Amino acid sequence: MDLALIVIAVLGIAAIGSVVQSIAGMGFGLVATPVFVALFGPTEGVLWGNIVGMTTSAALLFQKWRDIDWNVAIRFTVASIPVIFATVFLTKDISRPVLNAVIGAIMLVMVAFAVMAPKLPKVEGRLPMYITGVLGGFLSASVSQAGPVMAAYARASQWPQKNFAATLQVYFLAMNFVNIPLKLSVGFGPKDSTIGWATFIAALVGIGVGTEVARRVAQRITPKQARTFAMAIATVGASWVIVQGITGLIS
């Protein structure tokens, strides 16, 4: 694919994803990862979701520092780390078409799960928290989309939005500190260094633009509207990833 098209696509989707995550506290992976997978393939695409998602979380962390619930963030992180290692090593030898189809299917399940989340019963205690952390670790490593599960937990536990949005940035950041070097060590990294650096720089610019746009429009867009928008984009992107996988399997 032409480098200029990759740069434009990455810059645009990073900006949109940053707006969504700035307002809703999650959603970057829902918006951006399907596009990254379509551009770079399943393993490298999800890795880019981790890299750019971590950068977005780091940028938002300083804005939301005072509202972080550190006890919850630590429990989520501790539960997720062993699952991240297992997921990366289990997926590293799966063929690209199969992985495309599986990743696309998981993405669509995450969209459906986010829609169903308001209907979940109320949960309390530490066990649901650890289970959520485990699921988040698996989804972060496999599809870079832990947000819907976290949103479901937040709704079921009646977690205030401002604490939810702040604490998730710590959790996402911590998971990706594990995800990224682990995936690079098993060969998931960019094959072309020029495209890799261009992608990273375009993503940084997009994050900066998106964060500034979010600051200006935050009073006009509710977190629910931002999540709905993210799910609409995710549905289209995940469907395209599945089509790529099926096409690869039958060709």
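Each chain carries its own residue numbering, running from 1 in the direction its sequence is written. Thresholds applied to this predicted model are a pLDDT of at least 70 for local features of residues and 80 or more for the giving and counting of side-chain atom pairs; totals over whole chains, interfaces and linings are not thresholded and use all residues. Water and hydrogen atoms were dropped before computing side-chain values, which therefore reflect all heavy atoms in the structure.

**Structural notes on the packing of aromatic side chains**
Okay, step 1: Stacked, tilted and edge-to-face pairs are distinguished by plane angle, under 30 degrees for stacked and over 60 for edge-to-face with tilted covering the rest, among Phe, Tyr and Trp rings (Trp via its six-membered ring) whose centres lie within 6.5 Å. Counted by the stated rule, this structure contains 6 aromatic pairs.
Okay, step 2: Between Phe 76 and Tyr 171 the ring centres are 5.2 Å apart and the planes differ by 45°, which places this aromatic pair in the tilted class. Linking Phe 76 in helix α4 (residues 70-91) with Tyr 171 in helix α8 (residues 161-185), this pair joins segments that are 95 residues apart in sequence. Side by side, Phe 76 and Tyr 171 carry an identical accessibility label, which is buried. Only DSSP runs of H or I covering at least 4 residues are called helices, and only runs of E covering at least 2 are called strands; the numbering of each starts at the N terminus. In this scheme, a residue with accessible area under 20% of its type's maximum is buried, one over 50% is exposed, and one in between is partly exposed, where area comes from a 1.4 Å probe on protein chains only.

**A short note on the packing of α4 against helix α6 (residues 126-143)**
Okay, step 1: The contact between α4 and α6 brings their axes to 7 Å, and the two run at 40°. By the angle between their axes, α4 is oblique relative to α6. For the crossing formed where α4 meets α6, the hand is right-handed. Of the residues in α6, those in contact with Val 72, Arg 75, Phe 76, Ala 79, Ser 80, Val 83, Ile 84, Thr 87 and Val 88 of α4 are Arg 126, Met 129, Tyr 130, Thr 132, Gly 133, Val 134, Gly 137, Phe 138, Ala 141 and Ser 142. For helices, the fitted axis covers only the stretch in contact; all axes are lines through C-alpha atoms, and the angles between them, taken along N-to-C directions, range from 0 to 180 degrees. Comment on the angle field: the value is read as roughly parallel under 35 degrees, roughly antiparallel over 145, roughly perpendicular from 65 to 115, and oblique elsewhere. Should the near helix be turned counterclockwise from the far one by less than a right angle, the crossing is left-handed, whereas a clockwise turn marks it as right-handed. Here a residue-residue contact requires only that any non-hydrogen atoms of the pair lie within 4.5 Å.

**What about the environment of Ile 8?**
Okay, step 1: With respect to the helices, strands and loops of the structure, Ile 8 is situated in helix α1 (residues 3-24).
Okay, step 2: The exposure class assigned to Ile 8 is exposed, which follows from its relative accessible area of 57%.
Okay, step 3: A sequence separation of 194 residues divides Ile 8 from Ala 202, and the C-alpha atoms of the two residues are 7.6 Å apart.

**Digging into the side chain of Lys 183**
Okay, step 1: As for its position among the elements, Lys 183 is in helix α8.
Okay, step 2: Counted charges follow a simple rule, with Lys and Arg positive, Asp and Glu negative, and His plus the chain ends left uncounted. We define a salt bridge as a side-chain nitrogen of Lys or Arg found within 4 Å of a carboxyl oxygen belonging to Asp or Glu. Lacking a salt bridge, the buried Lys 183 has Glu 44 as its closest oppositely charged neighbour, with an N-O distance of 12 Å.
Okay, step 3: Throughout this description, a polar contact denotes any pair of N or O atoms lying within 3.5 Å of each other; where both atoms belong to protein, one of them has to be capable of donating a hydrogen while the other can accept it, and for residues adjacent in sequence the pair is counted only when both atoms sit in side chains. Polar side-chain contacts of Lys 183 include one of 2.7 Å to the side chain of Asn 50.
Okay, step 4: Excluding residues that lie within four positions of it along the chain, Lys 183 makes contacts with Val 46, Leu 47, Asn 50, Val 88, Ser 140, Ala 141, Phe 188 and Gly 189.

**Looking at the nonpolar core**
Okay, step 1: Side-chain atoms within 4.5 Å are what join buried Ala, Val, Leu, Ile, Met, Phe, Trp, Tyr and Cys residues into a set we call a nonpolar core. Core analysis: the largest hydrophobic core is formed by 57 residues, its most contacted members being Val 10, Phe 36, Val 52, Phe 76 and Met 150.
Okay, step 2: No other element matches α8, which puts 11 residues into this core.
Okay, step 3: Excluding anything up to four places from it in sequence, Val 10 contacts Phe 36, Leu 39, Phe 40, Thr 199, Ala 202 and Ala 203.

**Observations regarding the side chain of Thr 87**
Okay, step 1: Note that Thr 87 resides in helix α4.
Okay, step 2: Setting aside chain neighbours within four positions, we find Thr 87 in contact with Phe 138, Ala 141 and Ser 142.

Interpretation in functional terms is not warranted from these geometric data alone.
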